[in-house]
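# Tertiary structure, described
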Amino acid sequence: MNILCIGGGPAGLYFSLLMKKQNPEHHIVVVERNRPYDTFGWGVVFSDQTLGNLVNADEQTARTILQSFNHWDDIDTHFKGQVVTSGGHGFCGIGRKRLLNILQARCEELGVKLLFETDVVDDQALAEQYHADLVIACDGLNSRVRTRYEASYQPDIDTRKCRFVWMGTKKLFSAFTFAFEETEFGWFQAHAYQYDGDTSTFIVETPEEVWLKAGIDKMSQDEATAFCEKIFAKYLDGQVLMTNAAHLRGSANWIKFPRIICKNWVHWNDIAGKQVPVVLMGDAAHTAHFSIGSGTKLALEDAIELARSFELHGQQGMHAVMEAYQQLRAVEVLKIQSSARNSMEWFENVQRYTAMEAPQFAYSMLTRSQRLSHENLRLRDAAYVRSFEQWIAEHAYAQAGLPMPVTRSAIPPMLTPFKLRDVVLKNRIVVSPMAQYSAVDGVAGDYHLVHLGSRAMGGAGLVFAEMTCVSADARITPACPGMYTPEHTAAWKRIVDFVHSNTDAKIAVQLGHAGAKGSTRAAWDGIDQPLEEGNWPLVSASVQQYLPGVSQLSREANADDLHRILQDFVKATQAADAAGFDWLELHCAHGYLLSSFISPLTNQRQDEYGGSLENRCRYPLQVFAAIRAVWPASKPISVRISAHDWVEGGITPDDAVQIARLFKAAGADMMDCSSGQVSKLEQPVYGRMFQTPFADRIRNEAHIPTIAVGAIFEADHANSIIAAGRADLCAIARPHLADPAWTLHEAARLGYTDMPWPKQYLAGKFQMERNLERDKQVAAASAGLTPQQIAARLLEG
């Protein structure tokens, strides 16, 4: 083939040398606008895993790169005068110029033509000049090619909130260093790492509003550099900061990161009568924030995957190659970009976490991308995790007013106690409220006794009953439980008494009103579908039909309705206390009645309950104030909200923080942070722990305890969330349906044997401990053996 690469960065050079290796008959030209062996930038970072990928792709190049690397394992986090060190991370740094020189030399050795000082204005003309069968567009962040064919590539470019500048210094950092400094203008952070024998990269970053307050926009380069030297003087040990952007004037070298995502990576041109693909690669196709060091990694791995696609699918034609490449690569890039987004947003919001003490701040920073979890950290640096777990446990027991127990191993964060008002939970795991559609005339029966009782015995600290309705017409379905007759109170008291008599768990009730989502069938008979007969009238904030053309039409609640419903909540609260519940939650989420007031999607009222966010929250806050007044002062009330409607024009995470502040001011003790289910137009972005960022923001911005919920299904998730201060409790839903003893089993799987089990379950505990010990013995005996040797040992017994 004739291959034209527009752009002489890592992606284009590496792809060129891989294709030349694959077939020396390829004629490959790389066109670069800069001079030979000239480049901008300081050092780049690779993980040990990325180095392994390079060795597999071209060992000769990889060995040359390895000889030029500076390697380190530790990450140092400097915060409030303390240094927290975590090891085992395995990173390498190399100068960008040195990396490009190595790739350029390897290309020339293999016969790739490098054409420098050539600015490509018309890619089609150049493709025709070189009779190109394939054009690689790796012309960087500001890709002309991507702009020219944006109708095909469909780029989404999001310019982010922070200003940052790349600099260098002769101060050598022995660890990857993150330094956070507060100034009179706000917080600045530095990312620093050594990349060769005498130089380190030093990136300074700060939110744009801080940058403007400091007046950096009006400074010269020299003035801004001196300003940064003053802030980070104690880390530089007298060394200066250096810039290599003399061609830029004033503060132009301080840029904002553009997050780039392209829906398609291939455009087809008709060149001299043949279809020629123009393939985006590297920063032209996608960007990943520098805080996870993956921009160059992505570029090189793009090159590896496209070369591999030609090797595997080349015989099937160019279209097959392009399709295979984008399908495979798009998924891997999405994973990295998702992690990079989490990391980037953490650094954009450092102020959010500055109330934390240094150990937790550092842990939050380390786990910010969600790629690195609690158990990942333990594998890298067990001593660090053990020490941090001890720190978390000591603070948790002190907060709960309990003596620190003596245990055989450190207590996992999810198993530390938590106190709210006078209620002390033995651990941070919550059985989430889950509709069971098994009540008869609102009465919770034997099913609920077994369902909730077994999960209380299963080790969770707090067990929630499902949404319990405050009147017959407040139910979602006829099979939903209620709290509006003496029979309901007696039925619930039976269940609460069982939990209190047989377990050390606490039990909570969640009170709610279905609003426009009421009078429907049980989920397995048609979720959200209206009853075939016996429907009751519905009310909501405004006239609403939840399922357009299907659901019953609700009417707008009038003043009499609002008074009656508030009184229903008060009576249900009093009944819940009489039943002995330890905890109460007000359901203001998921499009039910109180949620319908909060969301602008469902509230079009023109009175004092509509309009601004404060007005829309007015009625839910009135209900809250009324139930708080009759609920015992010693018992907490949490509020569940939809922190994101996932619909344009609906509630956003910014709104959720303000909603939490309003409820906190009214006396709420905790926010239960769910999302969605307000509109069928929602487009949620699912993934592991996908709603945890809402709990994180509310906890650390509104400064109120939170419950994280949603796709939390492993102890590793819960430990990471609690340890990082992203939430105070973790609500586990579906895993508890599959395993009532989820908490006990997860604790055993972690190897934590000091957790108390119900005496009736002790035989099971002993068996699990024996199994774990056996597994450890097998692992130790298998160390260093081949699979064949292990198989032989197993056959021998």
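Whatever comes next refers back to the structure up there.
A brief structural summary. Just so it is clear, the structure is predicted and the values come from calculations on it, not from any experiment.

## Some thoughts on the pairing of strand β17 (residues 274–280)
Of all 7 residues in β17, 5 are buried; the element is thus mostly enclosed. Looking at chain direction, strand β9 (residues 134–137) and β17 are connected through 3 bridges and run parallel. Each residue of the ladder has a partner; that of V135, found in β17, is V278. Judged from the 6 bridges that link them, strand β16 (residues 266–271) and β17 form a sheet pairing that is antiparallel.

## Observations regarding unusual backbone geometry
The residue R421 is not glycine, and still its phi comes out positive at about 50 degrees. Examined against the element boundaries, R421 turns out to sit in the loop between β18 (418–420) and β19 (423–425). Of the residues examined, R421 reaches a relative accessible area of 31% and is grouped as partly exposed. Residues other than glycine seldom take positive phi values, yet W646 does so here, at roughly 60 degrees. Mapped onto the fold, W646 is located in the loop between β26 (637–642) and α22 (653–666).

## What about the environment of S432?
Tracing the backbone through its elements, the reader meets S432 in the loop between β20 (429–431) and α16 (446–457). With 31 residues separating them in the primary sequence, S432 and V463 have C-alpha atoms 6.9 Å apart. Apart from the residues lying within four places of it in its own chain, the contact partners of S432 are F464, R640, V709, A731, I732 and A733.

## With respect to the sheet that holds β17
Working definition: the strands of a sheet are paired by backbone hydrogen bonds and lie parallel or antiparallel to each other. Spatially, 6 strands are ordered β8-β2-β1-β9-β17-β16 in an open sheet, and the strand pairing comes out mixed. Edge strands, defined here as strands with exactly one partner in the open sheet, are β8 (113–115) and β16. When strand polarity is set aside, the average angle formed by the axes of neighbouring strands in this sheet is 20 degrees. Relative to β9, strand β1 (residues 2–6) runs parallel, the two sharing 4 bridges. Each residue of the ladder has a partner; that of I3, found in β9, is L134. Across the sheet, helix α1 (residues 10–22) touches β1, β2 (27–31), β8 and β9, and the angle it forms with β2 is around 170 degrees.

## A few points about the packing of aromatic side chains
A full pass over the atoms with the stated rule returns 37 aromatic pairs. Residues W211 and W254 carry aromatic rings whose centres are separated by 6.4 Å and whose planes lie at 45 degrees to one another, so their mutual orientation is tilted. Linking W211 in helix α8 (residues 208–213) with W254 in the loop between β14 (241–242) and β15 (255–262), this pair joins segments that are 43 residues apart in sequence. In this structure, W211 and W254 share a single accessibility class: buried. An aromatic cluster is built from W72, F79, F91, F176, F178, F180, W187, Y193, W346, F347, Y353 and F361, whose rings are joined through pairwise contacts. Lying over the aromatic face of Y592, K517 brings its terminal NZ or CZ to 4.9 Å of the ring centre. The residue whose ring lies beneath K635 is W631, and the NZ or CZ to ring-centre distance is 5.0 Å.

## Things to note about the nonpolar core
Ranked by internal contacts, the top residues of the largest apolar core, which has 103 residues, are F581 and I698. If you tally residues by element for this core, the top one is helix α18 (residues 559–579), at 9 residues.

## Examining helix α17 (residues 486–502)
Over its 17 residues, α17 extends 24 Å from the first C-alpha to the last, a length consistent with the 24 Å expected when each residue adds 1.5 Å. Within α17, the full set of buried residues consists of H488, T489, A491, W492, I495, V496 and V499. All buried residues of α17 project into a common sector of 165 degrees when viewed along the axis, lining one side. Those residues of α17 that are exposed and aimed more than 90 degrees away from the buried face are P486, E487 and S501. Against α16, β21 (462–469), β22 (506–512) and α18 lie the buried residues of α17.

So, how was this worked out
- Residues numbered from 1 in each chain as written.
- Predicted model: local features only at pLDDT ≥ 70, side-chain atom pairs only at ≥ 80, totals over all residues.
- Heavy atoms only, no water.
- Buried < 20%, exposed > 50% of the residue type's maximum accessible area, 1.4 Å probe, protein only.
- Helix = DSSP H or I, 4+ residues; strand = E, 2+ residues; numbered from the N terminus.
- Pairing = 2+ DSSP bridges.
- Contact = heavy atoms within 4.5 Å.
- Axes fitted to C-alpha atoms, helices over the stretch in contact; angles between N-to-C directions.
- Phe/Tyr/Trp six-rings, centres within 6.5 Å; stacked < 30°, edge-to-face > 60°.
- Lys NZ or Arg CZ within 6 Å of the ring centre and 35° of its normal.
- Core = buried A, V, L, I, M, F, W, Y, C linked by side-chain atoms within 4.5 Å.
- Expected span 1.5 Å × (residues − 1).
- Arc of directions from axis to C-beta.

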